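Each chain, written out:
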Amino acid sequence: MRFCDLKEKEVITCKECRRLGYVADIDFDPCTGQIKAIIVPEQGKMFWCFGSVGEYYIDFCNIACIGPDIILVNGCYDIHKN
């Protein structure tokens, strides 16, 4: 699977069935080439049109399933503020 394929997938939590957004970036280990995490921009409540207010950092081990259109994740993820 290519990175451009991941960017087209929507990320949804398994427990709450909440949409987090679309994959914007990945974090990988340059030594092994393995993906460590996916990064999804957090949309602001009021000013979403001006950009994100933070980002969800989802460890690859918390990804439950990667389907043709969505990525299901377990409820364990960090929010990094810009």
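This write-up is about the structure you can find in this document. (Residues numbered from 1 in each chain as written. Predicted model: local features only at pLDDT ≥ 70, side-chain atom pairs only at ≥ 80, totals over all residues. Heavy atoms only, no water.)

### Side note on the overall build of the protein chain
Okay, so step 1: Within the protein chain, the secondary structure is distributed over one helix and eight strands.
Okay, so step 2: Walking the protein chain from its N terminus toward its C terminus, one meets helices and strands in the order α-β-β-β-β-β-β-β-β.
Okay, so step 3: Sorting the 82 residues of the protein chain into buried and exposed places 30% on the buried side.
Okay, so step 4: Long-range pairs, those at least 24 residues apart, make up 35% of the contacts in the protein chain with a sequence separation of at least 6. (Helix = DSSP H or I, 4+ residues; strand = E, 2+ residues; numbered from the N terminus. Buried < 20%, exposed > 50% of the residue type's maximum accessible area, 1.4 Å probe, protein only. Contact = heavy atoms within 4.5 Å.)

### What about the pairing of strand S1 (residues 10-13)?
Along a regular strand, successive side chains alternate from one face of the sheet to the other.
Okay, so step 1: Residues of S1 alternate between two faces, with Glu 10 and Ile 12 on one and Val 11 and Thr 13 on the opposite face, all of them buried.
Okay, so step 2: Bridge count between S1 and strand S2 (residues 19-22): three bridges; the pairing is antiparallel. Within the sheet, the bridge partner assigned to Val 11 lies in S2 and is Gly 21.
Okay, so step 3: Where S1 folds back onto S2 in an antiparallel hairpin, the turn is made up of five residues, including Cys 17, whose phi is positive at roughly 55 degrees. (Pairing = 2+ DSSP bridges.)

### Concerning the pattern of salt bridges
Opposite charge on two side chains makes pairing possible when the charged atoms of those side chains draw close.
Okay, so step 1: Summed over all chains, the structure comprises three salt bridges.
Okay, so step 2: With its nearest N and O atoms 3.5 Å apart, the salt bridge here joins Arg 19 to Glu 10.
Okay, so step 3: A salt bridge links Asp 27 to Lys 36; the nearest nitrogen and oxygen atoms lie 3.9 Å apart. (Salt bridge = Lys/Arg side-chain N within 4 Å of Asp/Glu carboxyl O.)

### Comments concerning the pairing of strand S4 (residues 35-43)
Okay, so step 1: Judged from the four bridges that link them, strand S3 (residues 25-28) and S4 form a sheet pairing that is antiparallel. Each bridged residue has a counterpart across the sheet, and for Phe 28 the counterpart in S4 is Ile 35.
Okay, so step 2: Following S3, the chain reverses through six residues before pairing antiparallel with S4; Gly 33 in that reversal takes a positive phi of roughly 80 degrees.

### Overview of the sheet that holds S1
Okay, so step 1: Across the sheet, which stays open at both edges, the four strands sit in the order S2-S1-S7-S6 with mixed pairing between neighbours. The open sheet has two edge strands, S2 and strand S6 (63-66), and neither has a second partner. Here the strands of the sheet are splayed against their neighbours by 20 degrees on average, with no regard to which way each runs. (Axes fitted to C-alpha atoms, helices over the stretch in contact; angles between N-to-C directions.)

### As for unusual backbone geometry
Excluding glycine, most residues fall at negative phi; most peptide bonds, likewise, are trans.
Okay, so step 1: A positive phi angle, near 55 degrees, is found at Cys 17, a position not held by glycine.
Okay, so step 2: Since its relative accessible area comes to 62%, Cys 17 is described here as exposed.

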